[in-house]
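One-letter residues, chain by chain:
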Amino acid sequence: METFFNLIQEVQKPGLCHRCGGCVTFCTAINFGALELDDDGKPRYGDIEKCIECGLCYSICPEINELEEEIRREAAWSAPDGRIIETTVARAKDPAGRKNATDGGVITALLLHLFDSGRIDGAIVTKPAGPFKRRPCLATAREEIADAAGFYFDTSHGMKHMSDKYITYSSIEEFAPMVTKGLRRVALVGTPCQINAFRRMEAMGIVPSDSITVCFGLFCSGNFTFTDEDQAKLAADHDFSWNDVKKINIKQTFMVHLNNGEKRQIPLEDLDFMKRYACNYCADYTAEFSDISFGGIGAADGWTTVIIRTPLGRAIFADARNRAIEEFPASDNPAFASEAAGAMRRASEKKKKMAAENRQELGAKPVNIKN
Ligand SMILES: Cc1cc2nc3c(=O)[nH]c(=O)nc-3n(C[C@H](O)[C@H](O)[C@H](O)COP(=O)(O)OP(=O)(O)OC[C@H]3O[C@@H](n4cnc5c(N)ncnc54)[C@H](O)[C@@H]3O)c2cc1C
Ligand code: SF4
Ligand code: SF4
Ligand code: SF4
């Protein structure tokens, strides 16, 4: 029976741990809690004597192929980017809902619509935690869901904030409070690796995955962290000061919006030096196992590209259409949906190619420990 020990050898040592938190969450929820996350969100043994060698952590890890075929079958996955029922571009209907959003505020608008119509009891999101931090949060009130929208910026700590925002939070840590509170209908918002780990839990029928009713996935080109020197380098290389930054988001490029209305568009390759190591081996750009995926790529500023993947996702979107959200007007650009789909497809292809090449290279290298 493989256990967390095997995850250390096969996943952590080669540097492939996404820090999705899946292993820790389930060890804690189901067993005696042998695992814990360190301060950087990396899983480790908290108390190895509590390991009952059930093997669940091993099976749910997105880096382990055991359940890959099953989750693909369940999702009716097809190449190249998983099941796609419809691609569109949309934004929150309420201008107030777009104010703090990353892009068009569609995720928050859909969550609020589901909450207001009594279809979910809460949502696992991330929220500001102190002035410059975001933490995973089980939001069970309307205000909490709204406050978790997109962007949160402080001029004096801009980069710190940005790194918190674009980090992979172990959102599924919030499963424990969900169980304690007895919630049965919760929406999960997460990066592709988090959604993938969740689908593996679901495939095994492990509690509390049955309490998650819908998965909203974020497009993801990588998770970025960087030092003070890296921050200074980015600002110097691209001629801006962090004190002048109003908002940051990721589309085809890393976009820095300045207070004076100017924009800096930084090629994503220029951020490679601060990308988390494991992200170089990740092939999922569009959260292929979610019910609906969201990103900024391919959409005009202030709008979100939306991929509806499952009948559940389609029903949720249809119910919110023209009530909580509005679609991009075809009169402005009849090709808006196909252009968004094309941009998404190209970015996804690029990420898959990069991951395949890097994995091939990794196969030739001796195992070494990376963070
Ligand atoms: C690490 C990361 C990388 C991304 N890379 C790309 C990219 O390369 N290309 C692209 O087109 N889009 C990317 N996105 C997605 C994009 O930034 C927006 O989240 C998306 O377009 C939805 O915008 P919105 O305005 O509709 O969402 P909003 O209404 O602003 O809601 C966003 C929701 O996501 C939650 N959230 C924010 N950060 C995280 C997180 N780290 N983990 C879990 N939940 C979170 C918030 O709590 C909120 O509920 C990335 C997002 C993240 C977090
Ligand atoms: S008890 Fe099970 S889930 Fe926890 S570390 Fe051991 S094998 Fe993994
Ligand atoms: S990728 Fe996720 S499940 Fe696998 S070891 Fe890392 S945190 Fe655990
Ligand atoms: S690129 Fe995104 S989805 Fe992939 S491992 Fe990194 S954070 Fe997770």
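In short, a report on the structure. Bear in mind that the values here come from a model prediction, so they are computed numbers and not experimental data.

On to the packing of aromatic side chains. Counted under the stated rule, the structure contains seven aromatic pairs. Measuring from centroid to centroid gives 5.0 Å for Phe4 and Tyr45, while their planes differ by 85°, and the two rings are edge-to-face. One end of the pair, Phe4, is in helix α1 (residues 4–12); the other, Tyr45, is in strand β2 (residues 43–45), and 41 residues separate them in sequence. Residue Phe4 is classed as buried on the basis of its relative accessible area, which comes to 2%. Measuring from ring centre to ring centre gives 5.5 Å for Phe328 and Phe336, while their planes differ by 45°; the resulting arrangement is tilted. Here Phe328 matches Phe336 in class, with each residue buried. Members of the aromatic cluster, connected to one another through ring pairs, are Trp303, Phe328 and Phe336. Against the face of Phe273 rests Lys233, its NZ or CZ located 5.6 Å from the ring centre.

With that settled, consider the sheet that holds strand β8 (residues 245–250). Strand order in the open sheet made by the three strands is β8-β9-β10, with antiparallel pairing throughout. Both outer strands of the open sheet, β8 and β10 (263–267), are each paired with one neighbouring strand and no more. The mean angle between the axes of side-by-side strands here comes to 15°, regardless of whether they run parallel or antiparallel. For β8 and strand β9 (residues 253–258), the ladder comprises five bridges, and the chain directions are antiparallel. Its bridge partner being in β9, Val245 is matched across the sheet by Leu258.

Here we come to the packing of helix α6 (residues 106–116) against helix α12 (residues 311–320). It is at 10 Å that the axes of α6 and α12 come closest, and there the two elements cross at 85°. Overall, the two elements α6 and α12 adopt an arrangement that is roughly perpendicular. In this structure, α6 uses Leu110, His113 and Leu114 to contact α12, whose residues at the interface are Ile316, Phe317, Asp319 and Ala320. Counted by class, the contact of α6 with α12 contains five nonpolar, one polar and one charged residues.

Quick notes on the rules
- Residues numbered from 1 in each chain as written.
- Chains lettered and ligands numbered in written order.
- Predicted model: local features only at pLDDT ≥ 70, side-chain atom pairs only at ≥ 80, totals over all residues.
- Heavy atoms only, no water.
- Phe/Tyr/Trp six-rings, centres within 6.5 Å; stacked < 30°, edge-to-face > 60°.
- Helix = DSSP H or I, 4+ residues; strand = E, 2+ residues; numbered from the N terminus.
- Buried < 20%, exposed > 50% of the residue type's maximum accessible area, 1.4 Å probe, protein only.
- Lys NZ or Arg CZ within 6 Å of the ring centre and 35° of its normal.
- Pairing = 2+ DSSP bridges.
- Axes fitted to C-alpha atoms, helices over the stretch in contact; angles between N-to-C directions.
- Parallel < 35°, antiparallel > 145°, perpendicular 65-115°, else oblique.
- Contact = heavy atoms within 4.5 Å.
- Nonpolar A, V, L, I, M, F, W, Y, C, P; charged D, E, K, R; others polar.

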